[in-house]
Amino acid sequence: MQRAVYPGSFDPITNGHLDIIKRAAVMYDELVVAVVTNYSKKPTFSTEERIAMIKKSTEGLNNIRVTNFDGLLVDFAAAEKANIIVKGLRAVSDFEYEFQMALMNKKLRKDIETIFIMTNYKYSYLSSSMVKEIASLGGCIKDLVPDSILQDIKNKFKD
Ligand SMILES: Nc1ncnc2c1ncn2[C@@H]1O[C@H](COP(=O)(O)OP(=O)(O)OP(=O)(O)O)[C@@H](O)[C@H]1O
Ligand SMILES: [Mg+2]
């Protein structure tokens, strides 16, 4: 049984995240999508809202589990009996930070590997922050996020 953890703020989940989830899900027996709750930036969506949107977006994928955690990622992964951490890489700008995190996590727990999945070229420009900025300015976010959560995001920014 090989279990992997895909951590993130998912504030909210985007089509870029969903693409990574689908591609990782075929590589491991179970993928635990883990919403970070000790987020230094204050999230726009609550932990419960973020989890609910991920669940809606991954309906029909049967080896996905969605949960949240705070504290150290490697401790969470170990508690979940997962020895793989999955990360997505969009551009050189993601690399520096992810490289440092991967090495630090390896130092903290050498039995856990970080695996990087390259972005789908269609989503290389896509981030949660970008989605929120566009939604807050009344722009169209269709094709940027799963259709099933479009309305949830619009509702958040409607006033
Ligand atoms: N479009 C994308 N393609 C591939 N990987 C992505 C994409 N967006 C995010 N990821 C990856 O998903 C993980 C979680 O990302 P995170 O929740 O921080 O999203 P984000 O879009 O970067 O959000 P924010 O805009 O708030 O920084 C990270 O490993 C990140 O590199
Ligand atoms: Mg980011």
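Note: the structure precedes this text.
The rules behind these values
- Residues numbered from 1 in each chain as written.
- Chains lettered and ligands numbered in written order.
- Predicted model: local features only at pLDDT ≥ 70, side-chain atom pairs only at ≥ 80, totals over all residues.
- Heavy atoms only, no water.
- Helix = DSSP H or I, 4+ residues; strand = E, 2+ residues; numbered from the N terminus.
- Buried < 20%, exposed > 50% of the residue type's maximum accessible area, 1.4 Å probe, protein only.
- Contact = heavy atoms within 4.5 Å.
- Salt bridge = Lys/Arg side-chain N within 4 Å of Asp/Glu carboxyl O.

1. Brief notes about the environment of I64
Residue position: I64 is located in strand β3 (residues 64-69). The buried category is assigned to I64, whose relative accessible area is 15%. Sequence-wise, I64 and S129 are 65 residues apart; in three dimensions their C-alpha atoms are separated by 24 Å. If near-sequence neighbours (up to four positions away) are discounted, I64 is found in contact with I21, A25, L31, V33 and T58.

2. Some remarks on the pattern of salt bridges
All chains considered together, the criterion is met by 12 salt bridges. For E49, the salt bridge identified is with K156, shortest N-O distance 3.1 Å. Taken together, the residues span a long stretch of sequence, with E49 in helix α2 (residues 47-57) and K156 in helix α6 (residues 150-156) at a distance of 107 residues. When its relative accessible area of 32% is taken as the criterion, E49 is described as partly exposed. One salt bridge in this structure joins D152 and K56, with 2.7 Å as the shortest N-O distance. Residue D152 is located in helix α6, and its partner K56 is located in helix α2; the two are separated by 96 residues in the primary sequence. Here D152 falls in the partly exposed class, since its relative accessible area comes to 27%. Among the residues examined, K56 registers a relative accessible area of 38% and is labelled partly exposed. Three or more residues joined by partner-sharing salt bridges are found here, namely R3, E30, R65 and E80.

Don't take any of this as a statement about function, it's just geometry.
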